[in-house]
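Overview (structure and organization)
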Amino acid sequence: MNYTPNAKEVKKNIEEKLSRHFGTAAKEATREQLYKAAALTVKDILAEKRSSFKDRVNEAGGKRVYYMCMEFLLGRSLKTNLCNLGLQESYGKALKSLGFDLEELYECEPDAGLGNGGLGRLAACFMDSLSSLDYPATGFSLCYEYGLFKQMIVDGMQIELPDAWLPGGEVWLAPRADRVYKVHFGGHVKEEWREGKLEIIYEGGEDYEAVPYDMMISGADSDAVSQLRLWKARPVSKFNMGLFSQGQYTRAMEESNNADIITKVLYPSDNHTEGKLLRLTQQYFLVCASCQSIIRDHMAVYGNLDNLPEKVSVHINDTHPALCIPELMRILIDEYCFSWDKAWDIVTRTVSYTNHTVMPEALETWNEDLFALKLPRIHMIVKEINERFCREAWNYFPGNWNRISALSIIAYGQVRMANLSVIGSHKINGVSKLHSDILVDTVFKDFYRMYPDRFTNVTNGIAHRRWLVYSNPELAALLDECIGPDYRHEPERLAEFLKYSDDAAVLERLAEIKHNNKVKFAALLKKKTGVVLDTNSVFDVQIKRLHEYKRQLLNALNIIGLYLDLKENPNLDMQPQTFIFGAKAAPGYAMAKRIIKLLCMISKDIEQHPQIAAKLRVIFLEDYNVSTAEALIPSAEISEQISMAGKEASGTGCMKLMINGALTIGTLDGANVEMQAATGPENMFIFGLTSREVSELWNKGYNSALYYAQNERLARIVNYLNVGFAGENFSDIATYLLAGPGVADPYLCLADFESYRQAHVAALAAYADKMRWNRMSLANIAGAGFFAADRSIHDYAREIWHLERMPKEGK
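Cut-off values and rules
- Residues numbered from 1 in each chain as written.
- Predicted model: local features only at pLDDT ≥ 70, side-chain atom pairs only at ≥ 80, totals over all residues.
- Heavy atoms only, no water.
- Salt bridge = Lys/Arg side-chain N within 4 Å of Asp/Glu carboxyl O.
- Helix = DSSP H or I, 4+ residues; strand = E, 2+ residues; numbered from the N terminus.
- Buried < 20%, exposed > 50% of the residue type's maximum accessible area, 1.4 Å probe, protein only.
- Pairing = 2+ DSSP bridges.
- Phe/Tyr/Trp six-rings, centres within 6.5 Å; stacked < 30°, edge-to-face > 60°.
- Polar contact = N/O pair within 3.5 Å; in protein donor to acceptor, adjacent residues only side chain to side chain.
- Contact = heavy atoms within 4.5 Å.
- Core = buried A, V, L, I, M, F, W, Y, C linked by side-chain atoms within 4.5 Å.
- Axes fitted to C-alpha atoms, helices over the stretch in contact; angles between N-to-C directions.

Per the stated rule, a full pass over the model turns up 53 salt bridges. The shortest N-O distance in the salt bridge between Arg377 and Asp334 comes to 2.7 Å. With Arg377 in helix α16 (residues 376–396) and Asp334 in helix α13 (residues 324–335), this pair connects stretches of sequence that are 43 residues apart. The pair formed by Arg377 and Asp334 is uniform in burial state, with each residue classed as buried. Asp480 is the partner of Arg488 in a salt bridge, and the nearest nitrogen-oxygen pair spans 2.6 Å.

A separate point is the sheet that holds strand β13 (residues 365–367). The antiparallel open sheet is built from 3 strands, whose spatial order is β13-β15-β14. For this open sheet the edge positions go to β13 and β14 (410–411), each flanked by a neighbour on one side alone. Summarising the sheet, β14 and strand β15 (residues 414–416) pair through 2 bridges and their orientation is antiparallel. Following the sheet pairing, Ile410 is matched in β15 by Val415.

The subject of this paragraph is the packing of aromatic side chains. To describe a pair of aromatic rings, you give the distance between the ring centres and the angle between the ring planes. Within the structure shown, the criterion is met by 27 aromatic pairs. Here the aromatic rings of Phe126 and Tyr796 are separated by 5.5 Å at their centres, their planes lie at 70°, and the arrangement is edge-to-face. Of this pair, Phe126 sits in helix α6 (residues 118–132) while Tyr796 sits in helix α36 (residues 789–801), and the two are 670 residues apart along the sequence. The two residues Phe126 and Tyr796 agree in class, both being buried.

Of the residues examined, Asp334 reaches a relative accessible area of 14% and is grouped as buried. A distance of 2.7 Å separates polar atoms of two side chains, one belonging to Asp334 and the other to Arg377. Sequence-distant contacts of Asp334, that is, excluding residues within four places in its chain, are made with Ile200, Tyr202, Met329 and Arg377.

If you look at soluble globular proteins, the nonpolar side chains tend to sit buried side by side. Among the nonpolar cores identified, the biggest contains 202 residues, and Ile14, Tyr91, Phe285, Leu323, Phe371 and Phe497 are the most heavily contacted of them. When residues in this core are grouped by element, the largest group, 10 residues, is from helix α11 (residues 273–302). Residues contacting Tyr91, with those up to four places away along its chain left out, are Val10, Ile14, Ala38, Thr41, Val42, Ile45, Leu82 and Leu102. The next biggest cluster of nonpolar side chains, apart from the first, holds 72 residues, and it includes Met359, Leu564, Phe725 and Cys749.

What the 6 strands build is an open sheet, ordered β20-β19-β18-β21-β22-β23; its pairing is parallel. Each of the sheet's edge strands pairs with one partner strand only, and the pair in question is β20 (616–621) and β23 (685–686). Contacts from helix α24 (residues 552–568) reach β18 (538–543), β19 (577–582), β20 and β21 (638–641), with the element oriented near 150° to β19.

This next bit is on the environment of Ala614. Position of Ala614 relative to the elements: it lies in the loop between α26 (610–613) and β20. With a relative accessible area of 48%, Ala614 lands in the partly exposed category. Leaving out residues up to four positions away in the same chain, Ala614 has contacts with Asp534 and Pro576.

Attention now goes to unusual backbone geometry. For Asp155, which is not a glycine, the phi torsion comes out positive at approximately 50°. By the secondary structure assignment, Asp155 is in the loop between β3 (150–154) and β4 (157–161). With a phi close to 50°, Asp745 is a non-glycine residue in the positive phi region. With respect to the element layout, Asp745 can be found in the loop between α33 (731–738) and α34 (749–768). Asp745 gets classed as buried once you look at its relative accessible area, which sits at 0%.

Structure (structure tokens):
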């Protein structure tokens, strides 16, 4: 296989795919058929590279990392793969000779519906870097038929529609019928000694088959191609013809339907028992199939499991795959007859865990009765792990039952996944320095006392080639001119760009590139929605999941203040501003949906006043996704990173915006702390309470009404919520801020409001001085190299996985 075919060879390969798979010629083919034919040719190249790389890893006996995550937010694959392989030009020429445009073909591909937000995007960035850096890696997740959901906004309300990504996305998947595994749920478990060996006998329950669909993840100029293995559920027994013949059609299809449900939807709503059971089923289905696959591949190469920790690293990204710990124990004990102590030693030296949150509601727990009902054997193993751990904890905290209870995996009828993850892993990391400090100071304080060597930090990173080089080619070209192209593989070299801080020509080029990107995004938005943006206004961007702690509401309060200023004086002299939001709310999250409606109604009200709209716009991007982000982020000028301090673990959107030259308005939360250190405090607009000050305020007793009473502007804004926007009253949000329910203003929007407003005033003052603004933008780009996923992956490989890069072929 020629890994770098020329345009003539590409054309021939595409024509062969069209003929073989679609029975058509190029002159009669549709755009969708051309897209799929092109994708199939790329997939062939990747499969060949993957096979060659895997053979070299096996021959060398190299250690591999298996990265488990419930989501991988990949976006589109065709453009990224062509760029990584250096084939964009060849494919562009080949398609042009066939009468098609490559850029138009990119638009045929749906975003892969395998993720939700930051967790899935991080996993995708890490897979990209693992390939680019030639580390042997496989990712595991589920092959969801539908993604999270497609978001539609109707009269300001979020409506969830099915995200059917497979019709256009399955072209990248390769089914592996030779690697099918069984997964068992429910029933009863009996233990019997036979010939001196304890045998586990299952009675009743249901079996399903896990069928793998493999997706190849390319690297930039690398030998490696990583594999993302996605599991799809199917019934073990075939179609029940007897029942169907009797007219019992529903019963005949019942087993098939039950299997389909397992991998139907990403993150089904879990505000009812059925949803909780389905989420637990999904999580065990993922880890059971993945662990069997890992063990099978290891045995095929080495023939025994004693050396598993030396050859395999299993990494669980957040608590969703935590059940891999008892599942590996089950396989080692039940199937390979290891003693408990030997199995536990192997498992704990193999597994590592990344924590992504300090939010209590995100630290997963399961009702123990439900857990035992669905996973009886795993429940037995978790109970044994817990009992042994509690005996160990007694040595550290003798007589302190309350503390031991808080550390235990099972307590008060709940099974705690975070505690299981810590107890069963040899390394636990947070994802920013602040987050890791909070973990050992509060959330896992007593675990840290027991296992201080297990805890470390690996700050998150982004796929800088995708988010800078491929998404912002004009900026990449400027960087190539100024510092050369080495930053593409050595992102720390971006620091060299800082020497151009006082170069007027470079600063003017930066401004020109930013404006060009604003024009491009405005054209895309107009094409999609008909909305026309003022590209001379400031593009102020907040793009993240809609959650109270991320404080889109604080942003809205500031916007309302500006709206009221302009309503009072439409001729007010002010810099035009366009506030752009991209966010999805979880289907059952009422307050998040209410904030979306507030933003949409503010926007609608403003549009009814042309004089105000000339200076102030609010744009809510419907169904925000990776492809939209690739167009929006290079155009952003202000990056809103305004979570309440101590709540955001890291964030990665902040890094993508930074590397594209946006300036941050933010709290000292998550990665903002390290970004400030990297770029200098004079190049960001930091506001608000610190995490320590937040804790002190809560301990002292927070009263939001005091801030309301002491700030006339803030009172006016909150009061106007009772008046509402575009005919919609938001008195419920005013009540939420001042009286609850529960704790009023739980994320301190009113406490941080004045500081936030002043940060905006400072940002607009800097924006008025174009040379100063461009110099600050340049400093952010130059300081962003640390936040590349390449650096994160090197940190994981060195500190946690003990993984070596494969040398380039021929070296």
